[in-house]
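# A look at the structure
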Amino acid sequence: MRNNILGGLVIFMVVLTCLLMIDDLTNNQEQPSEKDTVEIEQLENNSDLAHIELEK
């Protein structure tokens, strides 16, 4: 009985995935893409570098 429930769940998920893929392929509409821009501000005399000193 338990194997039947798990098998049915697997088949259900596979069918659902296939239907969603078919839906995505058939609705091939051109959607405007949004481009995110990032502005980086560089400050003068500001260094975020770590200084490592080795002792011998």
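First, a word on scope: everything that follows refers to the structure included in this document. Predicted, not measured: the structure shown is a model, and the values here were computed from it.

## Quick notes on the overall build of the chain
Regarding its fold elements, the chain presents 1 helix and 0 strands. Looking at the chain residue by residue over its 56 residues, the buried ones come to 0%. Within the structure as shown, the chain displays about 6,800 Å² of accessible surface, and the carbon and sulfur contribution to it stands at 55%.

## Structural notes on a nonpolar patch on the surface
The grouping of Leu-9, Phe-12, Met-13, Leu-16 and Leu-20 at the surface amounts to a nonpolar patch, some 490 Å² of accessible area in total. Take Leu-16: it is sitting in helix H1 (residues 2-26).

Conventions we followed
- Residues numbered from 1 in each chain as written.
- Predicted model: local features only at pLDDT ≥ 70, side-chain atom pairs only at ≥ 80, totals over all residues.
- Heavy atoms only, no water.
- Helix = DSSP H or I, 4+ residues; strand = E, 2+ residues; numbered from the N terminus.
- Buried < 20%, exposed > 50% of the residue type's maximum accessible area, 1.4 Å probe, protein only.
- Areas by Shrake-Rupley, 256 points an atom, 1.4 Å probe, with all protein chains shown as cover.
- Patch = residues over 30% accessible without salt bridge, like charges linked within 9 Å, V, L, I, M, F, W, Y side chains within 5 Å.
- Salt bridge = Lys/Arg side-chain N within 4 Å of Asp/Glu carboxyl O.

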